[in-house]
Amino acid sequence: MAKATKGKNYEVIVPPSKLADRVSKGGPDPAEAISRADHTVQEMKKDYKTWLREDIERLMNALGALRGSSGAEDRTAKAESLFRASFDIKGQAGTFGFTILSRVAKSLCKLLEEKPSIETDDFGVIVAHVDAMRASAIEQTDGTPSRISLEVVAALEGIVAKRLQR
Amino acid sequence: MSGSGYNLSRVRVLIVDDNKNMREIIRSMLEAFGVSKFREAEEGEVGYKRFVEFNPDLVICDWNMEPVDGVEFTRRVRNNEDSPNRFVPLIMLTANTEAHHVVQARDVGVTEYLAKPLSAQSLYQRISAAIESPRPFVRTKTYFGPDRRRKRKGDYEGPERRVSDQEANAAD
């Protein structure tokens, strides 16, 4: 049964915890459980490389559609599709060690989400991001990032920051 | 294999995410932790139906989904008349990482906010927090959900500025 404390315009409720009630002791130690999950993620890596190829293809298709867009409204809709493709990569790549890819995707998402409207003179920056993501996926840049890839992603992030300040 | 950790074999988890690969990642991690009872949904409308049918002990949901996103899904879980458990621990797992996103999710009543990309350690820590330190819930005219304050009253030694705390002190 929940316990409640009431005030003039608020109520604080301490509910019973169904989750805690379902949990018992005797499971794997936390370090062991986390290690097992990490191992599972490693096993999924080859699946991720297939997923990534599909996501990059989706990204390329979205970029092509954006470049072929006609008018501001169409451009906005196509930019949204590109954002969604990049957003999915941003959310997954880092889990499998593709930290550079995740950062570049994050930078592209920032540009597409925060710029009030995407103009044709943004296409160069967008293409640079997509090219970097393709290169990262083809080279399967996971593990320790190279100095060059760190410089590239920093440069892209800097360009986006300046563009958003305009 | 038995140890000193949680036995999660009876815990029921609902995963709501529009990306099936992401659902697979989350499910695989949870299975490695010992969870075996799952339901999944690819957006919030179906997710809420599954929530009502399955009545899970833990929910993990994404933000960006259509037609019903994670924010609206959370609002329904916390506020709908037919919600089977408005207090369910709800972890929002999302690639939206800007501060205003965190605030918005907090203000709609999520229990924990976890940024993608996901790590096994961070997921385990959030689940552990939900088990060991469940938060009380607060209801006001405009909010129902977990207490949004991280610190408890006992940690603070300065003046009480909230109207509700002043009233509570006056009533004591």
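Summarised in this report is the structure supplied together with it. This one's a predicted model, so the numbers in the text were calculated from it and none came from an experiment.

Helix and strand content of chain A: six helices and three strands. Starting at the N terminus and ending at the C terminus, chain A contains elements arranged as β-β-α-β-α-α-α-α-α. Against the 2.2 N^0.38 benchmark of 15 Å for 166 residues, chain A shows a C-alpha radius of gyration of 22 Å, more extended than a compact globule. Reported as C-alpha extents along the three principal axes, the dimensions of chain A are approximately 60 × 50 × 25 Å. Counting the 166 residues in chain A, one finds 43% classified as buried. Within chain A, residue pairs in contact and separated by at least 24 positions form 66% of the contacts whose partners lie at least 6 positions apart. When the accessible surface of chain A is totalled, it reaches about 8,700 Å², and 53% of it is carbon and sulfur. Charge-centre separation for chain A: the mean point of 26 positive side chains lies 4 Å from the mean point of 24 negative side chains.

Right, let's get into the interface of chain A and chain B. With 47 residues of chain A at the interface, the matching set in chain B holds 55 residues. Overall, the association of chain A and chain B removes approximately 4,400 Å² of surface from exposure, summing both partners, and the carbon and sulfur fraction of that is 57%. For the pair chain A and chain B, the number of links is four salt bridges. Here K18 of chain A ties to D57 of chain B by a salt bridge, and the two come within 3.4 Å at their closest N and O atoms. The tally of links between chain A and chain B comes to 14 residue pairs in polar contact (both at pLDDT 80 or more). At the level of elements, β2 (11–14), α1 (18–22), β3 (24–27), α2 (30–67), α3 (71–93) and α4 (99–114) of chain A are the ones that each hand at least two residues to the side of chain A that touches chain B.

The next thing to look at is the sheet that holds strand β7 (residues 137–139) of chain B. Ordered in space as β1(A)-β2(A)-β7(B)-β8(B), the four strands form an open sheet in which the pairing is antiparallel. The open sheet terminates on both sides in strands that have one partner only, identified here as β1 (3–6) of chain A together with β8 (144–146) of chain B. Looking at each pair of strands side by side, their axes are set apart by 20° on average, direction ignored. Here three bridges tie β7 of chain B to β8 of chain B, and the two strands are oriented antiparallel to one another. Within β8 of chain B, the residue paired with V138 of chain B across the bridge is G145 of chain B.

Criteria and cut-off values
- Along every chain, residues carry numbers that run from 1 in the direction the sequence is written.
- Key to labels: chains lettered from A, ligands numbered from 1, both in the order written.
- Owing to the predicted nature of the model, reporting of local features is limited to residues with pLDDT of at least 70; listing and counting of side-chain atom pairs is limited to 80 or more, with chain, interface and lining totals taken over all residues.
- Here the side-chain values reflect all heavy atoms present in the structure, with hydrogen atoms and water set aside.
- Numbering of helices and strands runs from the N terminus, with a helix taken as a DSSP run of H or I at least four residues long and a strand as a DSSP run of E at least two residues long.
- In this setup the radius of gyration rests on C-alpha atoms only. A globule is expected at 2.2 Å times the number of residues raised to 0.38.
- Type-normalised accessible area, obtained with a 1.4 Å probe on protein chains alone, sets the label of each residue: buried when under 20%, exposed when over 50%, and partly exposed for intermediate values.
- What makes two residues a contact is simply this: any of their non-hydrogen atoms within 4.5 Å.
- Per-residue and other accessible areas follow the Shrake-Rupley method at a 1.4 Å probe size, with only the shown protein chains counted as cover for residues.
- Positive residues here are Lys and Arg, negative ones are Asp and Glu, while His and the chain termini are left out of the count.
- Charge positions come from single atoms, namely NZ of Lys, CZ of Arg, CG of Asp or CD of Glu.
- The quantity reported as buried area is the accessible area (1.4 Å probe) lost by two parts once they are put together, taken as the sum for both.
- Each reported salt bridge corresponds to a side-chain nitrogen of Lys or Arg within 4 Å of a carboxyl oxygen of Asp or Glu.
- As used in this structure description, the phrase polar contact means that two N or O atoms lie within 3.5 Å; if the pair is within protein, one of them must be able to donate a hydrogen and the other to accept it, and residues adjacent in sequence are counted only when both atoms belong to side chains.
- A pair of strands is treated as paired once DSSP finds two or more bridges between them.
- Here an axis means a line fitted to C-alpha atoms, over the contact stretch when the element is a helix, while the angle between two N-to-C directions is reported on a 0 to 180 degree scale.

Treat this as a map of the structure, not an account of what it does.
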